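Listed below are the residues making up each chain.
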Amino acid sequence: MKLSQSQVDANRRRILAAAACLFRQHGISGVSVNDVMKAAGMTHGGFYNHFKSKDDLVQASLGMPNDLLVDGCMSALDFSDLYLSRPHRDDVDHSCVFSSLGTELARGNARLRNDLTQNLRHFVAQMALPKSGDENTQPGIVGNADADAANDRETAIANVATLIGSVIMARIADDPQFSDDILAAGRKRLGLGSLDDAKTGITPASV
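The following paragraphs examine the structure supplied in this document. (Residues numbered from 1 in each chain as written. Predicted model: local features only at pLDDT ≥ 70, side-chain atom pairs only at ≥ 80, totals over all residues. Heavy atoms only, no water.)

With that settled, consider helix H1 (residues 5–26). Between its first and last C-alpha, H1 extends 31 Å over 22 residues, near the 32 Å set by a 1.5 Å rise per residue. Listed as buried for H1 are Asn11, Ile15, Leu16, Ala18, Ala19, Ala20, Leu22, Phe23 and Arg24. In this structure, the buried residues of H1 make contact with helix H2 (33–39), helix H3 (54–62) and helix H7 (97–101). A positive backbone phi angle near 85° is found at Gly27, which sits one or two residues after H1. (Helix = DSSP H or I, 4+ residues; strand = E, 2+ residues; numbered from the N terminus. Expected span 1.5 Å × (residues − 1). Buried < 20%, exposed > 50% of the residue type's maximum accessible area, 1.4 Å probe, protein only. Contact = heavy atoms within 4.5 Å.)

Next up on the list: the side chain of Glu104. Tracing the sequence through the fold places Glu104 in helix H8 (residues 103–106). Among buried Asp, Glu, Lys and Arg side chains, Glu104 stands out as unpaired, with Arg107 the closest opposite charge at 5.4 Å. Apart from the residues lying within four places of it in its own chain, the contact partners of Glu104 are Gly27, Ile28 and Ser29. (Lys, Arg positive; Asp, Glu negative; His and termini not counted. Salt bridge = Lys/Arg side-chain N within 4 Å of Asp/Glu carboxyl O.)

Take the environment of Gln118 next. With respect to the helices, strands and loops of the structure, Gln118 is situated in helix H9 (residues 110–127). Considering only alpha carbons, one finds Gln118 and Gly63, 55 residues apart in sequence, at a separation of 9.3 Å.

The next subject is the side chain of His50. By the secondary structure assignment, His50 is in the loop between H2 and H3. Ignoring anything within four residues of it in the chain, the contact list for His50 reads Val8, Asn11, Arg12, Ile15, Met42 and Asp56.

Another aspect to go through is the packing of helix H5 (residues 76–83) against H9. Two elements in contact, H5 and H9, have axes separated by 9 Å at closest approach and are oriented at 120°. Of the possible angle classes, the one that applies to H5 and H9 is oblique. Taken together, the residues of H9 that come into contact with H5 (itself represented by Ala76, Phe79, Ser80 and Tyr83) are Phe123, Gln126 and Met127. Along the lines of polarity and charge, the residues of the contact of H5 with H9 split into 5 nonpolar, 2 polar and no charged. (Axes fitted to C-alpha atoms, helices over the stretch in contact; angles between N-to-C directions. Parallel < 35°, antiparallel > 145°, perpendicular 65-115°, else oblique. Nonpolar A, V, L, I, M, F, W, Y, C, P; charged D, E, K, R; others polar.)

Given below as structure tokens:
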């Protein structure tokens, strides 16, 4: 029986969701196509109805830009508050692809790296722009939306590096207090409130 297009699309989404979680959990090299299909509740043979290869799957599941910032749904300040939080640090399965896979992405193929480079450019560009009227919403910048610093790309790059680096370091640390201290230091660097007051509720899963 031939599947409807809506069912085909739903199956593809299941595979992508399973792959995105597994890659974040175990790394790209630590996950096989069979692992992904098993997690999606489907047979191995069905994989090739949707993707040509594992590389194709990696590209599709990890190469998409972050919806929260790129689509302007959240200010840079609020996003940073959410990013440098215990829930984001602890929920590796649904976390930012850069902080969850880190240097492994640097060893990806040229196509994946090109897409991720564009995503990083989007990330930086969105962090540099205010999104709430006259208020400058980029962490680390004091002023209003008309100030030249509000579009300061260098500051935005430093802020993005602080976000990603802080979470990577916090996950590496096996001492819970030290891990919290790393997040708190990153928050202080960006002028955010205390770690205990960090925003929760949404995970920046597709930065």
